[in-house]
Amino acid sequence: MTLKALAQSLGITLKYLFSKPVTVPYPDAPVALKPRFHGRHVLTRHPNGLEKCIGCSLCAAACPAYAIYVEPAENDPENPVSAGERYAKVYEINMLRCIFCGLCEEACPTGAIVLGYDFEMADYQYSDLIYGKEDMLVDVMGTKPQRREAKMTGKAVKPGYVVPYVRPELEGFRAPTEGGKK
Amino acid sequence: MNYPLDPYWVVALKALLVVIGLLTAFAFMTLIERRLLARFQIRLGPNRVGPSGLLQPVADAIKSIFKEDLVVEKADRVLFVLAPLIGVVFALLAFGAIPFGPPGSFFGYQPWVLNLDLGLLYLFAVSEMAIYGIFLAGWASGSKYSLLGSLRSSASLISYELGLGIALLAPVLLVGSLNLQDIVNWQKENGWLFLYAFPAFLVYAIAALAEAARTPFDLPEAEQELVGGYHTEYSSIKWALFQMTEYIHFITASALIPTLFLGGWTMPFLEVPYLWMFLKIAFFLFLFIWIRATWFRLRYDQLLRFGWGFLFPVALVWFLITALVVALGLPRSYLLYLSALSFLVLLAGLFYSPKPVRKGGGA
Amino acid sequence: MSPLEALALLFLLGTGVLVVTLRNAIHAALALIANFLVLAGLYVALDARFLGFIQIIVYAGAIVVLFLFVIMLLFAAQGEVGFDPLVRSKPLALLLALGVAGVLLSGLWGLRLAFTQNLEGGLPQALGPLLYGDWLLVLLAVGFLLMAATVVAVALVQPTRPLDALRPEERKEEKEVVR
């Protein structure tokens, strides 16, 4: 350690004093997430509007945390819900157990379940942390507490993140992207 | 030099003003330091309470007053309460002797609270007594970390106080007075003292850092080693009092360095009574925060070696040189040249930097 | 004697008594600080300002800090001690203390102030020439006395034999003590 090193170190910190802070003031400004972030699951649909999920329960089998519960039912041929023979009548994920590992996404034969970006899921009751189909289908914006708040204040759901682009697996999922486009 | 004395009520009012001013300054220094440290570390710092965090001190005050006030079972109850009070009182006492402007400039009264003909000795005495706050706190807590903190503080006190005292002797010899007003006036007439005593200025500035227990000399409260040092067992308002003590020392040190070596309230051009003093204080406050954001903490034995092996001899040699010049009646310009020379030596040290030698060839 | 002076003297005596009677060594040291501070106040009141401040800086500041340092390091502040090792020597100590007091008082009895110069409030500008002029020899003698005491104290704690003349197991022990 020399005097020169001491002086240089002062110079370095002074340089940082005048540079822009790296802090993201999170609740005020959105967090920049990577496109492959593992957030709240999304149940995607085919372009024709049919659900991709065929109720095969492979995701539940693959889940290391036993967080997924699937109850399949036969499709009505006249008015099908999904593209296959069967569909998921009940599809629940216990977010308290889920470890967001993404193995369900790996296991899914139809690419129906994809991990999205929402992460603000903190809630007060256990029962509110069990997400059903109505909470996870692609058209749903935000998590349960976010949607509850939006309902109470009458404002739109405000996601706390922004991504550079939405990865193609999340077909039809609308997420705020960096350019400000949805 | 004798100046007209103020009536007692004015003195009391000024004392009150100094206390209130210092306490407000303390409150906002905590915020300023946190914000500045954050910016040095490319963070934002506290900005949630009030507009850009300006009300943070208020929030902190409310929080620390209403927190639970714990007294540890093994504590010496009387001393445990007394220690922070001793610290704050002696820290507050020191500031009154510092002049802030020319005589009679405070609405026709004097811009200082005390004008002692032994002002420097007074400051020295008060700052030494303030150590007892830290010292007794560490012992009264009945905790080994606290005790280690206070032992460190006393050991470092012994090691830097000597260099500090002897560094102060050079300006005292030149001015021929211990009165702070005289020292400032002398600088107004003959040029600032750091020109005459650059090594002493350097030693004093470093020792003042140690006196205020700031990085790189903040051993008494090294969080990483001693939990919280001497105030480990303190909570609530008593802990806040320690913070107060620390920051008041910090502010006093930043006010004393300019008073003694940088001309106090004077300025060769554009003399505005209070402005320059406050600017100089602000500069040193900033410098100390900057140093805190940059440098590491010295190890305990390193501080002792630094105090005895560097500060003390440098101060002593400069004191002898000054004494020689004064005693033999040599022209003072000799000191100017020697000061400039020592400055050049420092510069050379900045540019000449040998590769550090690793012992034992470790990683 | 004004009532204020009487009060100060009372404080002085009271804290002095506390220093020797308090069981806890730290409390005793604190009483000593209080004693020194009152003494410094008395000096200042007697217009010996320089002496007063030096009293605070050197005695109340530096020396008592050293005392406290040693007390804390040795954990001597435990208060209650199992047995009193000084039972037999107590009367002797009392006798000696009385003797010293007698000598000091008798010295005071015939004392005439040796100088009548104006010391201007005991400022260093006036004290310096006096201490390093007329009283130089006395000053040197006092300094010599203090140094002699220091040398004796250091000599007393020296090991009886040089360190390298000790047996290995002894040396380890000694080293720890010396360190």
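As the structure is a prediction and not an experimental result, all values here were calculated from the model. Residue numbers here run from 1 along each chain, matching the order of that chain's written sequence. Throughout, the order in which chains and ligands are written sets their labels, letters from A for the former and numbers from 1 for the latter. Restriction of local features to residues with pLDDT of at least 70 applies here, the model being predicted, together with a cutoff of 80 or more for giving and counting side-chain atom pairs; totals for whole chains, interfaces and linings are based on all residues. Each side-chain value is worked out from all heavy atoms of the structure, with water and hydrogens disregarded.

On to the sheet that holds strand β3 (residues 68-74) of chain A. Residues and elements named next belong to chain A. Two strands are said to pair when DSSP picks up at least two bridges between them. Only DSSP runs of H or I covering at least 4 residues are called helices, and only runs of E covering at least 2 are called strands; the numbering of each starts at the N terminus. On the basis of which strands lie adjacent, the open sheet formed by 3 strands has the order β3-β4-β6 and antiparallel pairing. Strand pairing shows two members of the sheet lacking a second neighbour, β3 and β6 (130-131), which therefore form its edges. Direction of pairing for strand β4 (residues 86-94) relative to β6: antiparallel, over a ladder of 2 bridges. In the sheet register, Asn 94 faces β6, and the bridge partner there is Ile 130.

Next up on the list: unusual backbone geometry. Excluding glycine, most residues fall at negative phi; most peptide bonds, likewise, are trans. All names here are of chain B. Positioned with a positive phi, Ile 42 is a non-glycine residue whose angle comes to about 50°. Summarising the element assignment, Ile 42 is placed in the loop between α1 (8-40) and α2 (56-66). Of note, Ser 52 is a non-glycine position whose phi angle comes to about 45°, a positive value. Secondary-structure assignment places Ser 52 in the loop between α1 and α2.

Glancing now at the layout of surface pockets. Lining residues are defined by having an atom within 4 Å of a point belonging to a cavity or pocket. Those points lie on a 1 Å grid over the protein atoms alone, cavities being sets where a 1.4 Å probe fits but cannot get out and pockets being open sets with protein on both sides within 12 Å along at least five of seven lines. Grid points are joined across faces, edges and corners, and a volume is the space filled by probe spheres set on the points. Counted as a void, the largest pocket has a volume near 1,500 Å³. What lines the largest pocket is a set of 40 residues, among which A:Leu3, B:Leu202, B:Ile206, B:Trp295 and B:Leu346 lie closest to the centre. Of all the secondary structure elements, the ones that give two or more residues to the lining of the largest pocket are α1 (3-17) of chain A together with α8 (198-211), α11 (275-294), α12 (300-328) and α13 (333-351) of chain B. Broken down by element, the lining of the largest pocket gets its largest block of residues, 8 residues, from α8(B). Residues were grouped as follows: Ala, Val, Leu, Ile, Met, Phe, Trp, Tyr, Cys and Pro as nonpolar; Asp, Glu, Lys and Arg as charged; and all remaining residues, including Gly, as polar. Of the residues that constitute the lining of the largest pocket, the class distribution is 35 nonpolar, 4 polar and 1 charged. Approximately 1,300 Å³ is the volume found for the second largest pocket. Surrounding the second largest pocket, 33 residues form its lining, B:Leu121, B:Gly165, B:Leu169, C:Phe50 and C:Ile54 being those nearest its centre. Counting residues per element, the ones that place at least two in the lining of the second largest pocket are α4 (119-140), α5 (144-175) and α12 of chain B together with α3 (49-73) and α5 (124-131) of chain C. Taken together, the residues of the lining of the second largest pocket break down into 26 nonpolar, 5 polar and 2 charged.

Now for the pattern of salt bridges. Residue and element names in this part refer to chain A. We define a salt bridge as a side-chain nitrogen of Lys or Arg found within 4 Å of a carboxyl oxygen belonging to Asp or Glu. Inspection of every chain in the model, using the stated rule, returns 14 salt bridges over all chains. Between Arg 167 and Glu 105 there is a salt bridge whose closest N-O contact spans 3.0 Å. Of this pair, Arg 167 sits in the segment after β7 (161-162) while Glu 105 is found in helix α3 (residues 103-107), placing the two residues 62 residues apart along the sequence. Of the charged contacts in the structure, one is a salt bridge between Lys 144 and Asp 135, with a shortest N-O distance of 3.8 Å. Like Lys 144, the residue Asp 135 is buried in the burial classification. Here the salt bridges do not stand alone but share partners, grouping Asp 123, Asp 128 and Arg 148 into one network. For the exposure calls, accessible area comes from a 1.4 Å probe over protein chains only, and a residue counts as buried if that area is under 20% of its type's maximum, exposed if over 50%, partly exposed in between.

Residues and elements named next belong to chain B. Under the criterion given, the structure shown has 5 cavities of 30 Å³ or more. When residues of the lining of the largest cavity are traced back to their parent elements, those giving at least two are α3 (77-94), α4, α5, α8 and α10 (236-261). When residues in the lining of the largest cavity are grouped by element, the largest group, 6 residues, is from α10. Tallied by class, the residues present in the lining of the largest cavity amount to 13 nonpolar, 3 polar and 1 charged. Of the pockets and cavities examined, the second largest cavity occupies roughly 180 Å³. Considering the residues around the second largest cavity, the lining is formed by 20 residues, among which Ile 131, Ile 134, Glu 211, Ala 213 and His 249 are closest to the centre. Those elements giving two or more residues to the lining of the second largest cavity turn out to be α4, α5, α8 and α10. Each residue belonging to the lining of the second largest cavity can be placed in one class, and the counts come to 11 nonpolar, 6 polar and 3 charged.

What follows is about α5(B). Residue and element names in this part refer to chain B. With 32 residues, α5 extends 46 Å from end C-alpha to end C-alpha; this agrees with the ideal 46 Å at 1.5 Å per step. Fitting axes to the seven residues that end at a residue and to the seven that start at it, the angle between those axes gives the bend at that residue. Along α5, the sharpest kink reaches roughly 30°, centred on Tyr 160. The buried count for α5 comes to 25 of 32 residues, which makes it a mostly enclosed element. The term polar contact refers here to a pair of N or O atoms within 3.5 Å; inside protein, the definition further demands a hydrogen-donor-capable atom paired with an acceptor-capable atom, and it admits residues adjacent in sequence only when both atoms are side-chain atoms. With a side-chain oxygen positioned 3.4 Å from the backbone nitrogen of Tyr 145, the residue opening α5 is Ser 143. Looking one or two residues past α5, Gly 176 carries a phi angle of roughly 80°, positive in sign. To estimate the expected span of a helix, count its residues, drop one, and scale the result by 1.5 Å.

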